[in-house]
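# Topology and contacts: notes
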Number of protein chains: 2
Amino acid sequence: MSVYLVGAGPGDADLLTLRAAQLLARADVVVHDRLIGPDVLELVSARTVCVDVGKVPGTSHTQGDINELLVELAGRYDTVVRLKGGDPFVFGRGGEEALALLARGVVVHVVPGVSSAFAAPALAGIPVTHRGASHGVCVVTATAEEGRVVDFERLANVDVTLVVLMGVAQRATISAQLCRGGLDPATPVAVVQRASLEDQLVVRARLDQLADLDVIAPAVIVVGPVAALDLGLDALVDELVAVA
Amino acid sequence: MSVYLVGAGPGDADLLTLRAAQLLARADVVVHDRLIGPDVLELVSARTVCVDVGKVPGTSHTQGDINELLVELAGRYDTVVRLKGGDPFVFGRGGEEALALLARGVVVHVVPGVSSAFAAPALAGIPVTHRGASHGVCVVTATAEEGRVVDFERLANVDVTLVVLMGVAQRATISAQLCRGGLDPATPVAVVQRASLEDQLVVRARLDQLADLDVIAPAVIVVGPVAALDLGLDALVDELVAVA
């Protein structure tokens, strides 16, 4: 009778929240995206039904289908978890799903997650804000509604760190528009691929080199002076003991 | 010998990450800020030393003092946790602490946390991005280095949701500058006070009413069409069972 919109964080299961882990352990059904990793799904109880609605290009799960599925499941089960990468309300389309559910009388709860927008840079040793280098951060995707590319020229003079999610395919356009808008072509950029996972890879360059970088999605693009920072953090903590 | 820069999330202990909870349980010493709540500190082992370095105005813990304290503790203990509200690299000055520690040869790890910048709006039923309303989000504080107020006129035309942290005292200036920069005075705003805690309070108004609102810090200010949304979420989940 309730749907929980739950953020799964950037990938590493240890970056789930305590509440997310509790919900995965007691859910009747978990509806998740394509990019949710196997370590996260291991936290789901063995008796629980898992549904992958990953929007792989060419498959049939539209957002409308997912909304309908959630409404139907809410009518059949007590606890439905809708598990989304990162945070459900940061480009997660959680707002649309919440509205669709509320319109049909379903109780909706939200459990914020660690957003890749901040965590991917952090795990690459890049603080998105840093005294003397950046007093703010602007997070956008490359593609807005109906496939329209976001106007990056407008973002060239914001004077804060720019974080672009889902921007790998559009990186030539992003770079060209930011330069045309007045951003220095020598501005540092970093592309963080598969953040928080064992094969995380960070590529650093200048803004005018972004188009030519050999990078693959999923990745987070960071633009601004902080992208040159590498705090040399040993981010991945493998030796952690279990909670006592 | 290691310092872990750990995000504590917006306040509710259930929004800690699994890794943060594991580290609190096994830390030798925990150095925390003023706004870390008692429920979070309950996760710290009874044998662990807790140091509150909250920067209350008028007290003596400068950032330099904190950096020195962390270096000193790292020499005496195996596992030092530096626990910060939200995420350590989103206005948490984690970058400065990391640099100070690295310069002294201390190994630094970072554990991202749920940032109040996204979680406070989410827990008020406001998705910071929402198709048709906002395709991005810009997060700033009201005050930059040396107490200088950030130039909000520059942010008036960004055309994404604006989230202002630590902005309550400067709300008249923020409102005036955004209007002067061209933002519609009727733009919806929401002020989320004590996000995620039992006495969370949300006040909604128009941008030109922001100065006159009766609100108190700590609070997160959201500016943009999404601030008018209220997804009616039942955000606080009290009945959760413990992890099986």
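The following refers to the structure shown.

## With respect to the sheet that holds strand E2 (residues 29-32) of chain A
Residue and element names in this part refer to chain A. Pairing is parallel across the open sheet formed by five strands, whose spatial order is E3-E2-E4-E1-E5. Two strands close off the open sheet at either side, each with one partner strand: strand E3 (49-52) and strand E5 (107-111). Adjacent strand axes in the sheet meet at a mean angle of 20° when their direction is disregarded. Pairing geometry for E2 and E3, over four bridges, is parallel. In the sheet register, Val31 faces E3, and the bridge partner there is Val51. Contacts between helix H3 (residues 63-76) and the sheet are confined to strand E1 (2-7), E2, E3 and strand E4 (79-84), with E4 contributing the most and set at about 155° to the helix. Those strands touched by helix H4 (residues 94-103) are E1, E4 and E5, and its axis lies near 175° from that of E1.

## Here's the deal with helix H6 (residues 171-180) of chain B
Because an α-helix completes one turn every 3.6 residues, residues spaced three or four positions apart along the sequence face the same direction. The set of residues buried in H6 of chain B consists of Arg171, Ile174, Ser175, Gln177 and Leu178 of chain B. Of the surrounding secondary structure, the elements contacted by the buried residues of H6 of chain B are strand E7 (161-165) and strand E10 (219-223) of chain B.

## Here's the deal with the interface of chain B and chain A
Contacts between the two partners involve 72 residues from chain B and, on the opposite side, 72 residues from chain A. On the chain B side of the contact with chain A, Arg19, Phe89 and Arg131 of chain B bury the most area, a combined 12% of that side's loss. Taken together, the connections running from chain B to chain A amount to four salt bridges. Two residues, Arg19 of chain A and Asp12 of chain B, come together in a salt bridge whose shortest N-O distance is 2.5 Å. There are 16 residue pairs in polar contact (both at pLDDT 80 or more) connecting chain B and chain A. In this structure, strand E6 (residues 136-141) of chain A lies alongside strand E6 (residues 136-141) of chain B, joined through five bridges in antiparallel fashion. Across the sheet, residue Cys138 of chain A finds its bridge partner in E6 of chain B, namely Cys138 of chain B.

## Here we look at the environment of Asp39 of chain A
Note that Asp39 of chain A resides in helix H2 (residues 38-41). Placed 45 residues apart in sequence, Asp39 of chain A and Lys84 of chain A show a C-alpha to C-alpha distance of 14 Å.

## Describing the packing of H3 of chain A against H4 of chain A
Residues and elements named next belong to chain A. Where H3 meets H4, the axes come as close as 9 Å, and the angle between the chain directions of the two elements is 45°. Regarding the angle of H3 to H4, the classification is oblique. Regarding H3 and H4, the two cross each other, and that crossing is right-handed. Mapping the contact onto sequence places Gln63, Ile66, Asn67, Leu70 and Val71 in H3 and Glu96, Glu97, Ala100 and Leu101 in H4. Across the contact of H3 with H4, the residue classes tally to five nonpolar, two polar and two charged.

What counts and how
Residues numbered from 1 in each chain as written. Chains lettered and ligands numbered in written order. Predicted model: local features only at pLDDT ≥ 70, side-chain atom pairs only at ≥ 80, totals over all residues. Heavy atoms only, no water. Pairing = 2+ DSSP bridges. Helix = DSSP H or I, 4+ residues; strand = E, 2+ residues; numbered from the N terminus. Axes fitted to C-alpha atoms, helices over the stretch in contact; angles between N-to-C directions. Contact = heavy atoms within 4.5 Å. Buried < 20%, exposed > 50% of the residue type's maximum accessible area, 1.4 Å probe, protein only. Buried area = accessible area lost by both parts, 1.4 Å probe. Salt bridge = Lys/Arg side-chain N within 4 Å of Asp/Glu carboxyl O. Polar contact = N/O pair within 3.5 Å; in protein donor to acceptor, adjacent residues only side chain to side chain. Parallel < 35°, antiparallel > 145°, perpendicular 65-115°, else oblique. Left-handed = near helix turned anticlockwise from the far one by under 90°. Nonpolar A, V, L, I, M, F, W, Y, C, P; charged D, E, K, R; others polar.

Geometric values such as these leave the question of function open.
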